[in-house]
Amino acid sequence: MNDKSLDVLRQYDLEVNQVGRGRGGMLLDTKAGVKLFLECEKPDKYYERENLITQSLVETGFSNVDTILKNREGKLVTEAEDGRRYVVKDWFMGRECNTKSIDEICRAVEMLGELHNSLNKLDFRSKQEDAGLVCVAEVKDEDHSGGVKRQEVTAMKNVSERHMKELKLASNYLRNKRNKSEFEQIAYKNIGSFYQEAALAVKRMDKQEMTKRFCQAVESGEMCHGNYNYHNIIFADGDLAVTNFDKCKNECQISDLYQFMRKILEKYEWDMELAYKMLDEYDKIKPLSDMDLELLSVMFAFPEKFWKVINFYFNSSKSWIPRKSVEKLKTVVAQNEKRRRFLETIS
């Protein structure tokens, strides 16, 4: 993005006082508040979908979200003379959630519960197909007559199965690799036990009660943020804002809590006291069912961080492995005993 692109702003009813760079675009100080000016990287329908979600949340009273402004023609996406496309979002002057602050971590978890309660007030059933919100996969299930019927489940189970198979492929590659580097030696030594953990987690997801829970999420139109992390939580003027709903999808909401908790617990070396504190804060706002606690346990049982490190290695150039990758792998392996002890307490 260059300064010339700011000419697009003439198509908006905005009086811009100051411009600065940040958040992947330009921050605009206007009389109507802070705005974020971004170049579009996806087709228009993605921004229409995102705005449908954020505007609907505002209607429920969950107002601190980054809705997209319409230009003078009433469009969300504005095209410049050179063909580039842009959007302007409501934004918030503040800072990201500080992961070194337990108080801020707990407030972010509370906010997640509030967000989920608001998402549950929305009726997307009639709008999902047009807005592209459904993210499901078909699975086979035997009926009482011995035949096969098809059920729809959320993508969570299929993603875990795919990641498990990717670990197997990496394991086979490492087994046949000669002259292994330091990274490859560590990976090969540990990938067998991590693969077993992945396989057990996928097996637990295949149980009838889990499949029923996934189907329930589809049937009810359950929605999650899809990318709830400290980067997308802004502390502004004593309040919180949640941003970047582009990955919002039809999925079990507990997946949001899992993603947030996992990244925090990795930073705190799987501190069980902090884990239960986060669970308590969420439960106060949106009570957790026994099934969602079971699903949360299953998700934690899958060694996601190990898979991420191995998958990055497997899909990149293997002639030179960054030192950072080696350090990440060592950290994941070193923390795994603490992670297992944590799993024992919640399983």
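Read on for an overview of the structure. Just so it is clear, the structure is predicted and the values come from calculations on it, not from any experiment. Residue positions are given per chain, counting from 1 as you read along its sequence in written order. Per-residue local features of the predicted model are confined to residues with pLDDT of at least 70, and side-chain atom pairs are confined, for both listing and counting, to 80 or more; whole-chain, interface and lining totals are unaffected and use all residues. With hydrogens and water excluded, all non-hydrogen atoms of the structure serve as input to the side-chain values.

Examining the packing of aromatic side chains
This is how it is decided: By convention, a stacked pair of Phe, Tyr or Trp rings (six-membered ring in the case of Trp) has centres within 6.5 Å and planes under 30 degrees apart, an edge-to-face pair has planes over 60 apart, and any other such pair is tilted. Secondary structure follows DSSP: runs of H or I at least 4 residues long count as helices, runs of E at least 2 residues long count as strands, and numbering of each begins at the N terminus. Throughout, exposure labels follow a simple rule: accessible area from a 1.4 Å probe, protein chains only, divided by the maximum for the residue type, with under 20% read as buried, over 50% as exposed, and the rest as partly exposed.
This structure, assessed with the given rule, holds 11 aromatic pairs. Where Y173 meets F314, the ring centres are 5.9 Å apart and the plane angle is 75°; that geometry is what we call edge-to-face. One end of the pair, Y173, is in helix α4 (residues 156-176); the other, F314, is in helix α10 (residues 304-314), with 141 residues separating them in the sequence. Owing to a relative accessible area of 29%, Y173 belongs among the partly exposed residues under this scheme.

Examining unusual backbone geometry
Located in the positive-phi region is N244, a residue other than glycine, with phi close to 60°. If you trace the backbone, N244 turns up in the loop between β11 (239-242) and β12 (249-250). Backbone geometry at W270 places phi at a positive 60°, although glycine is not the residue there. Along the chain, W270 turns up in the loop between α7 (254-267) and α8 (272-285).

Some words on the pairing of strand β5 (residues 85-90)
Put simply, the test is: Only strands that DSSP links by at least two bridges are regarded as paired with each other.
Relative to β5, strand β3 (residues 33-39) is paired through 5 bridges, and the arrangement is antiparallel. The residue bridging K35 from the neighbouring strand is D90, located in β5. The pairing of strand β4 (residues 78-79) with β5 spans 2 bridges and is antiparallel. Paired with T78 across the bridge in β5 is Y86.

Here we look at α7
What counts is decided by this rule: How far a helix is expected to stretch is found by multiplying one less than its residue total by 1.5 Å.
Its 14 residues place the ends of α7 20 Å apart at the C-alpha level, agreeing with the 20 Å of an ideal helix rising 1.5 Å per residue. Taken across its 14 residues, α7 has 11 buried, putting it largely inside the fold. Within α7 the residues assigned to the buried category are I254, S255, D256, L257, Y258, F260, M261, R262, I264, L265 and E266. Just downstream of α7 lies E269, where phi reads positive at about 50°.

Here's the deal with the pattern of salt bridges
For clarity, the cut-off: The term salt bridge refers to a side-chain nitrogen of Lys or Arg lying within 4 Å of a carboxyl oxygen of Asp or Glu.
According to the stated counting rule, one finds 31 salt bridges in the structure shown. In this structure, the salt-bridge partner of K75 is E73, at a minimum N-O distance of 3.7 Å. Judged by relative accessible area, K75 falls into the partly exposed class, the value being 47%. By relative accessible area, E73 is classed as exposed at 58%. The salt bridge involving E182 is made with R323; its shortest N-O contact spans 2.7 Å. With E182 in helix α5 (residues 182-205) and R323 in helix α11 (residues 323-346), this residue pair connects regions lying 141 residues apart in the sequence. Ionic contacts of the salt-bridge type, sharing partners, join the residues E182, R323, E327 and K330 into one network.

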